[in-house]
Amino acid sequence: TFRMETVDEYAPMPDQSGVSQDGSSRYYETSNVGASISFGSITFGTEEQGKTFEYILSEVIPDGAADNKDGTYTLNGMTYDASKYTATVTVEEDISTGVAITKTTVVYKKVDGDVTTRPTFTNSYTPEPATLSEDTGTAIEGTKTLYGRDMKEGERFEFTLEAADDGTKAAIETDKTIVISENG
């Protein structure tokens, strides 16, 4: 989830029905679609001409994420980029075509002051390895029952654990992580 927050409380916002307020701050949140983030359309009219509006763009860091002290936060293997950008929108009247139109110019800056062509948030995912273990009660287990006679002292039976599908077989052969979904 990404957030666009106004610096000026009267700045136009996209889809006013989706705008929330937190104290004196107004903000709009959206989810990314693939690698793209869009906050939707904002309409600037003649009443905004000659004005400049500033917005702060950021990723919403989930509650419980640990601060890595390097501008990132991590939760459940996902590292989130806590960068903030300003989007400064200048609204002007343009009469170069002979017809007066409202023209906007947007300049993006990372909060540290570096101008950029487009805000970029870089996240990474590093899953924790899963270990099947008797200690955690997750080991693969079974029982052996012998009918017709008692087990002899020191008698052993051997069992083989084999892959039940091609994906698991390929993972075992290439020494990769095996992922088992909840529904098998």
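Our subject in this report is the structure included herewith. (Residues numbered from 1 in each chain as written. Predicted model: local features only at pLDDT ≥ 70, side-chain atom pairs only at ≥ 80, totals over all residues. Heavy atoms only, no water.)

**A word on the overall build of the protein**
Across its full length, the protein carries one helix and eleven strands. Listed by position from the N terminus, the elements making up the protein come as β-β-β-β-β-β-β-β-β-β-β-α. Here the C-alpha radius of gyration of the protein, 29 Å, is well above what a compact globule of 184 residues would show, namely 16 Å. Taking the principal axes of its C-alpha atoms as reference, the protein extends roughly 100 × 35 × 35 Å. (Helix = DSSP H or I, 4+ residues; strand = E, 2+ residues; numbered from the N terminus. Rg over C-alpha atoms; globule rule 2.2 N^0.38 Å.)

**With respect to a nonpolar patch on the surface**
On the surface, Leu132, Ile140 and Leu161 cluster together into a nonpolar patch covering about 360 Å² of accessible area. Relative to the assigned elements, Leu161 resides in the loop between β11 (124–125) and α1 (166–173). Assessed through its relative accessible area of 66%, Leu161 is described here as exposed. (Patch = residues over 30% accessible without salt bridge, like charges linked within 9 Å, V, L, I, M, F, W, Y side chains within 5 Å. Areas by Shrake-Rupley, 256 points an atom, 1.4 Å probe, with all protein chains shown as cover. Salt bridge = Lys/Arg side-chain N within 4 Å of Asp/Glu carboxyl O. Buried < 20%, exposed > 50% of the residue type's maximum accessible area, 1.4 Å probe, protein only.)

**Quick notes on the side chain of Thr86**
By the element assignment, Thr86 lies in strand β8 (residues 84–94). A relative accessible area of 16% means that Thr86 is categorised as buried. Excluding residues within four positions of it along the chain, Thr86 makes contact with Glu54, Tyr55, Ile56, Val107, Tyr108 and Lys109. (Contact = heavy atoms within 4.5 Å.)

**Some details on the packing of aromatic side chains**
Two measures describe an aromatic ring pair: the distance that separates the ring centres and the angle between the ring planes. On inspection of all chains with the given rule, the structure shows three aromatic pairs. Taking 5.3 Å as the distance between ring centres and 50° as the angle between the ring planes, the aromatic pair formed by Phe2 and Phe121 counts as tilted. Placement of Phe2 in strand β1 (residues 2–6) and of Phe121 in the loop between β10 (115–116) and β11 is noted, with a sequence separation of 119 residues between them. Of the two residues, Phe2 and Phe121, neither departs from the other in class, the shared state being buried. Judged by centre distance (5.4 Å) and plane angle (80°), the rings of Tyr85 and Phe121 are edge-to-face. With a gap of 36 residues between them, Tyr85 in strand β8 and Phe121 in the loop between β10 and β11 connect regions that are remote in the sequence. Taken individually, Tyr85 and Phe121 each receive the classification buried, so the pair is uniform in this respect. Here the aromatic residues Phe2, Tyr85 and Phe121 are joined through ring pairs into a cluster of three or more. Stacked on the ring of Tyr27, the Lys or Arg Arg3 has its end atom at 3.6 Å from the ring centre. (Phe/Tyr/Trp six-rings, centres within 6.5 Å; stacked < 30°, edge-to-face > 60°. Lys NZ or Arg CZ within 6 Å of the ring centre and 35° of its normal.)

**Looking at the sheet that holds β11**
The antiparallel open sheet is built from four strands, whose spatial order is β5-β6-β7-β11. The two strands at the open ends of the sheet, each matched to only one other strand, are β5 (66–67) and β11. (Pairing = 2+ DSSP bridges.)

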